[in-house]
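Here is how the chains run, residue by residue.
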Amino acid sequence: MGVNEMENSDVRESVPAASGKQSVRKLRWKWGLGIFLVGIGAIFFQWFRLAPDRTYQVFAVYFGIRNIVVGLLVWWLLISGVAWKMRFQGLLGAVLIFVLFFSLLRVESFEGDMVPRFQFRFLPSTEQRAAEYFEQIKSSAPSAINEIKKQTLEVSPGDWPAYRGVDRDGIVRNQKVRTDWDAHSPKLLWRHPVGAGWSSFCVVGDRAFTQEQRGEQEAVVCYDVLTGEQIWIYTDQVRFAETLGGVGPRATPTFHEGFLYTVGGSGILHCFEAVSGIEVWTQDLLKKEGLENLQWGMSGSPLIWENLVIVNQGIQKKGSASGNQTAIAFNSGTGEMVWVSGKHKSSYSSPQLSVINGQPQLLIFHSKGLEGFAPEEGKSLWFFPWTNHAGVNAAQPIVVGTSSIFLGAGYGSGSARITVKQTAERGADFEVIPDWQSKSLKLKFNSAVVRDGFVYGLDEGVLTCLDLKTGKRAWKRGRYGYGQMILVEDQLLILAEDGRVELVKADPKSHMQVASFQAIEGQTWNHPALAGGKLFVRNSEEAACYDLSSASR
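The structure presented is a predicted model; accordingly, all values stated were derived computationally and were not measured.

1. Topic: the overall build of the protein chain
Thought 1: Regarding its fold elements, the protein chain presents 7 helices and 39 strands.
Thought 2: Summarising its shape, the C-alpha atoms of the protein chain cover approximately 125 × 65 × 60 Å along the three principal directions.
Thought 3: Going through the 553 residues of the protein chain one by one, you find that 53% of them count as buried.
Thought 4: A sequence separation of at least 24 residues applies to 54% of the contacts in the protein chain between residues at least 6 apart.
Thought 5: For the protein chain, the exposed surface amounts to about 25500 Å²; the carbon and sulfur share of it is 56%.
Thought 6: Charged side chains of the protein chain number 56 positive and 55 negative; the gap between the two group centres comes to 8 Å.

2. Topic: the layout of surface pockets
Thought 1: A volume near 390 Å³ is recorded for the largest pocket.
Thought 2: In terms of lining residues, the largest pocket is bounded by 21 residues, among which Glu108, Ser109, Thr126, Gly246 and Val247 are the most central.
Thought 3: With 5 residues, strand E1 (residues 105–110) is the single largest residue contributor to the lining of the largest pocket.
Thought 4: Split by residue class, the lining of the largest pocket holds 6 nonpolar, 9 polar and 6 charged.

3. Re the confidence of the model for the protein chain
Thought 1: Per-residue pLDDT for the protein chain has a mean of 90; in total, 91% of the residues score no lower than 70.
Thought 2: Under a pLDDT of 50 for its full length, residues 6–20 has, in the predicted model, 1 contact with residues more than four places off or in other chains.

4. Things to note about the pairing of strand E19 (residues 327–331)
Thought 1: The element E19 is largely enclosed, with a buried count of 4 among its 5 residues.
Thought 2: Here strand E17 (residues 308–312) pairs with E19 via 5 bridges, running antiparallel. Looking across to E19, one finds that Asn312 is bridged to Ala327.
Thought 3: Two elements, E19 and strand E20 (residues 337–341), share 4 bridges in a ladder whose sense is antiparallel. In the sheet register, Ile328 faces E20, and the bridge partner there is Val340.
Thought 4: Linking E19 back to E20 in an antiparallel pair, the connection comprises 5 residues, with Gly335 at a positive phi of about 85 degrees.

5. Regarding the nonpolar core
Thought 1: Counting 34 residues, the largest nonpolar core has Phe201, Val501, Phe536 and Val537 as the members making the most contacts within it.
Thought 2: Of all the secondary-structure elements, those providing two or more residues to this core are strand E7 (217–224), strand E33 (484–488), strand E34 (491–495), strand E35 (500–505), strand E36 (513–518), strand E37 (529–531), strand E38 (534–538) and strand E39 (542–547).
Thought 3: The element best represented in this core is E39, accounting for 4 residues.
Thought 4: Excluding residues that lie within four positions of it along the chain, Phe201 makes contacts with Trp160, Trp190, Ala208, Phe209, Thr210, Tyr223, Thr252, Ala529, Phe536, Val537, Arg538 and Ala543.
Thought 5: Core analysis: the second largest hydrophobic core is formed by 24 residues, Val58, Tyr261, Leu269 and Cys271 among them.

6. As for the sheet that holds strand E32 (residues 473–479)
Thought 1: An order of E29-E30-E31-E32 is seen for the 4 strands of this open sheet, with the pairing classed as antiparallel. The sheet is open, and its two edges are formed by strand E29 (449–451) and E32, each paired on a single side. Neighbour-to-neighbour, the strand axes of the sheet open up by a mean angle of 25 degrees, direction not taken into account.

7. Here's the deal with the pairing of strand E8 (residues 230–236)
Thought 1: Where burial is concerned, most of E8 is hidden: 5 out of the 7 residues are buried.
Thought 2: As paired strands, E7 and E8 are joined by 6 bridges and run antiparallel to one another. Following the sheet pairing, Ala219 is matched in E8 by Thr235.
Thought 3: Linkage of E7 to E8, two consecutive antiparallel strands, is achieved through a turn of 5 residues, within which Gly228 is found at a positive phi near 80 degrees.

8. Some details on the sheet that holds strand E11 (residues 254–256)
Thought 1: Spatial ordering of the open sheet is given by E11-E12-E13-E14, a layout of 4 strands whose pairing is antiparallel. Here the strands that pair on one side only, and so sit at the sheet edges, are E11 and strand E14 (279–284). Going from strand to strand, the sheet's axes swing by 15 degrees on average, the running direction of each strand aside.
Thought 2: Inspection of the sheet shows strand E12 (residues 259–263) paired to strand E13 (residues 268–273) by 5 bridges, in the antiparallel sense. When the sheet's bridge partners are listed, Thr262 is paired in E13 with His270.

9. Observations concerning empty space enclosed by the protein
Thought 1: The final tally for this structure, using the stated rule, is 3 cavities of 30 Å³ or more.
Thought 2: Of the pockets and cavities examined, the largest cavity occupies roughly 530 Å³.
Thought 3: By residue class, the composition of the lining of the largest cavity is 12 nonpolar, 13 polar and 3 charged.

Rules used in this analysis
- Residues numbered from 1 in each chain as written.
- Predicted model: local features only at pLDDT ≥ 70, side-chain atom pairs only at ≥ 80, totals over all residues.
- Heavy atoms only, no water.
- Helix = DSSP H or I, 4+ residues; strand = E, 2+ residues; numbered from the N terminus.
- Buried < 20%, exposed > 50% of the residue type's maximum accessible area, 1.4 Å probe, protein only.
- Contact = heavy atoms within 4.5 Å.
- Areas by Shrake-Rupley, 256 points an atom, 1.4 Å probe, with all protein chains shown as cover.
- Lys, Arg positive; Asp, Glu negative; His and termini not counted.
- Charge placed at Lys NZ, Arg CZ, Asp CG, Glu CD.
- 1 Å grid on protein atoms, 1.4 Å probe; cavity = no way out; pocket = protein on both sides within 12 Å on 5 of 7 lines; lining within 4 Å.
- Points joined across faces, edges and corners; volume = space filled by probe spheres on them.
- Nonpolar A, V, L, I, M, F, W, Y, C, P; charged D, E, K, R; others polar.
- pLDDT = per-residue confidence, 0-100.
- Pairing = 2+ DSSP bridges.
- Core = buried A, V, L, I, M, F, W, Y, C linked by side-chain atoms within 4.5 Å.
- Axes fitted to C-alpha atoms, helices over the stretch in contact; angles between N-to-C directions.

Structural data, given as structure tokens:
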């Protein structure tokens, strides 16, 4: 090899050495892919491990996505190996995509299992659409009010005067409905927008009462049963809103001997003349005792027993020296406080009057469990612990026979049956005996119904039949979301979360759909009401009334 060739060779060999100082950094993509795949694997593992508890499954997805995002962020900024300029550009791009997404879309609401429902921001919200309708209607004129005041209103067989019916058990009495919906569709009497809220209807005679949020005003509204026209409205300048639970009042009005009792989302208790809507008295449940609201709002519907109206309390403020108070009773005629009782934090179930061992007892399903009280004085008689990490008990307890009670709750709790016995040698003392406990029928905020020794309910959105004697599941089938149901003879009438109404045979042998139709649109958590053969349904967007009676054919 010549001298020139050797020199040229040295030059060629020196070029890579010099250019190596400016070599392009390689993306360490395997690390990022590994973080992503491990995160997805963890989500799937948690999903199947937590089945069939839908709420916990959704939470697992949220936490899993958060962990993946954090892991990928750490990888991109510290391990990816690309130039720092590109790292910051990538981070900026991700932030811009996030901002663009939420600039175009808003979270309209959350479904019962906490899955968000998105809506384009340029479309009007449900409240805005309802407001346009409210502008078109007006309250009754003074002359009409004078005519209304001359009328009377009394409960008749077939009316629906309170939450879940007369006994708050979801059982329809003194009524029959058609089941041939495919051949003869339910007759629509009226349908129109309503204000936001999860209140149901209280129906007496030709009046239907409910509660709504109309802008910044919380309203109690009376509608005509046959036409849906507004007869009267009463408003408070208050608004309850919560991210997951949504906007508006949660409780259902209660009718008793000509008067209407309501509890708003922020704890305002009212007594009205039901015919006219004239206020008789009011109490602010939170302000009166210096309490805070529940996370998802005051939800318990008022209970009337003799001359008392009994409601749930709020919760003590942080740092308060005094303890929680479970329930409070007022004189139903004057609004004067009669008693306050209980030491456990309130929850979302409504007070319920039942007869246990031949004695009237007030049942309160609060955050720590089910407790029995003497309704006349509020004395605690017995307590059965049944809770979950969220402290949420929202379903109504069901009395079975003379001394047994079924109860269920969500967030992994499941259901139980207990027997309450009076201890003879100790006078009025009571003993609570657990009969069985089951992970089936996790009633998150959906109450169940009982027929012929079996209980039917939505177990995290799936219809389930449970043997009341053993606690064993007979069957589980049919997804209805976090809707509500009532029992009409031997039929389960289910108002699904998507606004669909379905009839299912209350048969412990199998799941058998009888009929179905789409009643309303939008997310529906509100309880259906059936009065005089007419089905009343609503959600936070609209309300409707359908004639299901045999005469409507």
